[in-house]
Amino acid sequence: MMRKRIVTLAAAFVLAFSAVAAAAGVTQINSDDHVLQSTEIALGGIMVGTPRSEVEAIYGAPTERTEPVKSAAMDEMMDTYTYGTSFQVIFVKDMAMFIISTAHNGIATPAGVTVGDPADAVMRTYGKPHRYSRSESGNESFVYLDPYGIAIVFSAEGGSITRIGIVGYE
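Cut-offs applied
Residues numbered from 1 in each chain as written. Predicted model: local features only at pLDDT ≥ 70, side-chain atom pairs only at ≥ 80, totals over all residues. Heavy atoms only, no water. Core = buried A, V, L, I, M, F, W, Y, C linked by side-chain atoms within 4.5 Å. Buried < 20%, exposed > 50% of the residue type's maximum accessible area, 1.4 Å probe, protein only. Helix = DSSP H or I, 4+ residues; strand = E, 2+ residues; numbered from the N terminus. Contact = heavy atoms within 4.5 Å. Salt bridge = Lys/Arg side-chain N within 4 Å of Asp/Glu carboxyl O.

Draft legend 1. Fine view of the nonpolar core. Grouped together as the largest cluster of nonpolar side chains are 35 residues, with contacts concentrated most on Phe87, Ile99, Tyr144, Ile152, Phe154, Ile164 and Ile166. Sorting the residues of this core by element identifies strand E4 (76-83), strand E5 (87-92), strand E6 (95-101), helix H3 (120-126), strand E8 (140-145), strand E9 (151-157) and strand E10 (160-167) as the ones contributing at least two each. Here this core takes five residues from E5, the largest share from any one element. Setting aside anything within four residues of it in sequence, one finds Phe87 in contact with Leu43, Ile46, Tyr59, Tyr81, Thr82, Ile99, Ile100, Ser101, Asn105 and Ile107.

As C-alpha cells, then:
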C-alpha cells in the first residue's frame, strides 16, 4: 500500500506540472538555448542532489515522512518528507530529487520568488522560459532548465504563482 502511495505521489507530482502544458491553449518552446545556472534552481535552500542529512540540518524532522519503497520507474528507493502542509522533498536514495512548495510559506527560490507572487514576476526575474504554456482557462506554466536538464517549474492561476517545483529530470 505504501509503495503504491509513493509511486502515485511521484507520478502525480510530475503530472501536476505537465497538466497545464497538456491542456488546450498556447504552448511555446524557447529554442535559443536559454538556461539557468544550477545555483538558480533551488527552493528553500534545497537543490536536486542535496543530501537528506543537509535537508534535516536545515529543516529538522519532517511533519510527515513516508516509508522508503523501491520506485518501479526509477529502480531506486524513494520516500517523501513533508514540512507543514505545503513543502515536500522527495528523496531518491538519500538525495533530494523533487522539491515542491504549494503555499505562501516563506519557501523561496534563490532570487526570492515564492508562491503567491504575481505570475509576471517569473519572467521579470528569470527571463524567457524554456517552455511556456497557457491553458484556455488562463492557467500558466513556466519551465526553466539548467545545463543538466534539471527543471524549475512555476505554475500560476489567476495571475499568481500557485506552485513552484523542482524536478530532477524533465
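Draft legend 2. The arrangement of the pattern of salt bridges in detail. All chains considered together, the criterion is met by six salt bridges. When the shortest N-O distance is used, the salt bridge between Arg52 and Asp79 registers 2.7 Å. Taken together, the residues Arg52 in helix H2 (residues 52-59) and Asp79 in strand E4 connect sequence positions 27 residues apart. Taking relative accessible area as the criterion, Arg52 reaches 9% and is therefore assigned buried.

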